[in-house]
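Structural overview for review
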Amino acid sequence: MIEPVIVSTWAWGHTACRRAGEALRGGRSLADAIEAGTVAVELDPTATTVGYGGLPNAEGVVETDAMFMWGSTLEVGAVAALRGVRTPIRVARRVAERTHHVLLAGEGARRFADAEGFPDEGMHTANSRARHARWVAEGRSRFVRRDHEDHDTVCVIGTDGAECIAAVSTSGLGFKLPGRVGDSPLIGAGGYADAEVGAAAATGVGEEVIRAVASFAVVERMRAGMHPDAAIGSVLGEMVRRRGHVLRARHDQVALIAVRRDGVVGAGALFEGFVAPVYRAGEQFEHALPPPLLESDRAWMDPAGRD
Ligand code: GLY
């Protein structure tokens with residue numbers, strides 16, 4: 001066993017790390033600490049692409065995706081296109097703990113949540129309603145995605161040297177087509193944990209992460225002996241080699257985090273702007289990221305240049 005290490009994504013990952021750290025210091029298990037950290041972001045109404053207050057789909061309904069995976073047993077539970085639960089990570093964990101299934105989607109996921117006692121709650125905040133109303137008023141295409149800030153995921157991964165866990169939760173791409181499922185609930189894409197090696201998780205444009213089966217690819221490179229930073233750099237590099245023209249043109253951000261079972265951390269992103277908060281032995285800091293692989297396209301940032 002080692003002193004537990006927790007890694008998360010984006011600025012709200014500081015909240016996740018802080019809450020997970022508090023839970024660990026209070027004697028909770030690694031799994032409970034990682035769930036607590038994830039829930040703290042899910043319930044934060046200012047986290048506009050996760051849980052409560054997440055941006056809705058094109059029809060104005062918030063649909064969330066989440067996954068919870070234990071690396072010691074390869075047990076995993078996930079939900080996709082789940083409606084009306086502010087803490088989807090808890091439902092994902094229940095899928096693993098209460099069923100023999102791995103992934104429940106849509107209406108079936110909702111009915112499972114009902115059976116497990118999760119109330120059907122309002123998911124909207126004034127901000128998420130207003131953002132959807134503005135998107136509708138602008139007459140934007142339901143089939144075109146352009147708001148790169150609207151697909152950020154909270155990932156919380158960790159190890160104590162024996163167990164490795166990956167938790168991932170998001171409301172997905174803002175204004176997505178109803179029923180669209182991103183990478184977050186897909187094992188190996190949005191997250192993966194194998195306690196013989198470590199854990200990894202992804203944030204960014206889910207379609208690109210799915211194509212690369214990115215989290216599994218990172219874990220497999222670590223298994224082959226690569227440092228977590230190098231494993232992530234290799235996976236992102238391969239994405240650029242195969243899809244660089246599309247990634248550049250659309251400014252499709254993808255970022256990955258990883259932790260080896262001995263607590264060594266890695267992170268990296270295609271474009272600038274990503275941060276990876278870390279909790280270790282009562283301390284909180286951000287992992288020093290390697291330079292991004294792609295440069296921002298300023299034309300993309302100009303609203304007039306958008307679709
Ligand atoms: N990575 C989150 C999503 O694309 O849904």
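Rules behind the numbers
- Sequence positions are assigned chain by chain, starting from 1 and proceeding in written order.
- The model is predicted, so local features are restricted to residues of pLDDT at least 70 and side-chain atom pairs to those at 80 or more, both for listing and for counting; the totals for chains, interfaces and linings are taken over all residues.
- Note that the side-chain values use all heavy atoms of the structure and ignore hydrogens as well as water.
- Orientation is described by lines fitted to C-alpha atoms, with helices fitted over the stretch in contact, and by angles between N-to-C directions that extend from 0 to 180 degrees.
- Secondary structure elements follow DSSP: runs of H or I of four or more residues count as helices, runs of E of two or more count as strands, with numbering from the N terminus.
- Note on definitions: a residue-residue contact is assigned when non-hydrogen atoms from the two residues lie within 4.5 Å.
- Ten residue types, Ala, Val, Leu, Ile, Met, Phe, Trp, Tyr, Cys and Pro, are classed as nonpolar, four, Asp, Glu, Lys and Arg, as charged, and the remainder, Gly among them, as polar.
- The salt bridge definition used is simple: a Lys or Arg side-chain nitrogen within 4 Å of an Asp or Glu carboxyl oxygen.
- The cut-offs for exposure are 20% and 50% of the maximum accessible area for each residue type, with area from a 1.4 Å probe on protein chains only; residues under the lower value are buried, those over the upper are exposed, and the others partly exposed.
- Pairing between two strands is assigned when DSSP locates at least 2 bridges connecting them.

Concerning the packing of helix α2 (residues 30-42) against helix α3 (residues 88-98)
- In the contact formed by α2 and α3, the axes pass within 8 Å of each other and the chain directions differ by 145 degrees. Note on element contacts: α3 touches α2 through Pro88, Ile89, Arg90 and Arg93, opposite Ala31, Asp32, Glu35, Thr38, Val39 and Glu42.
- Of the residues contributing to the contact of α2 with α3, the split by class is four nonpolar, one polar and five charged.

Side note on the pattern of salt bridges
- Applying the stated criterion to the full structure yields 21 salt bridges.
- Between arginine 93 and glutamate 35 there is a salt bridge; the shortest N-O distance is 2.9 Å. Taken together, the residues arginine 93 in helix α3 and glutamate 35 in helix α2 connect sequence positions 58 residues apart. When sorted by exposure, arginine 93 lands in the same class as glutamate 35, which is buried.
- As a salt-bridge pair, glutamate 220 and arginine 223 come within 2.8 Å of each other at their nearest N and O atoms. Taken together, the residues glutamate 220 and arginine 223, both in helix α7 (residues 214-223) and three residues apart, mark about one turn of the helix.
- One network of salt bridges, with partners in common, ties together Arg28, Asp32, Glu35, Arg90, Arg93 and Glu97.

Topic: the environment of glycine 139
- Here glycine 139 lies in the loop between α5 (126-137) and β5 (154-159).
- Put simply, glycine 139 and alanine 92 are 47 residues apart on the chain and 34 Å apart in space, counted from C-alpha to C-alpha.

Things to note about the sheet that holds strand β9 (residues 254-260)
- Strand order in the open sheet formed by four strands is β7-β8-β9-β10, with antiparallel pairing between adjacent strands. Across the chains shown, the open sheet's two edge strands, defined by having one partner strand only, are β7 (191-194) and β10 (265-269). Across the sheet, the mean angle from the axis of one strand to that of its neighbour is 10 degrees, orientation sign disregarded.
- Across the sheet, α7 touches β7, β8 (198-204) and β9, and the angle it forms with β8 is around 145 degrees.
- Sheet strands touched by helix α8 (residues 228-250): β9 and β10. Its angle to β10, the strand with the most contacts, is close to 25 degrees.

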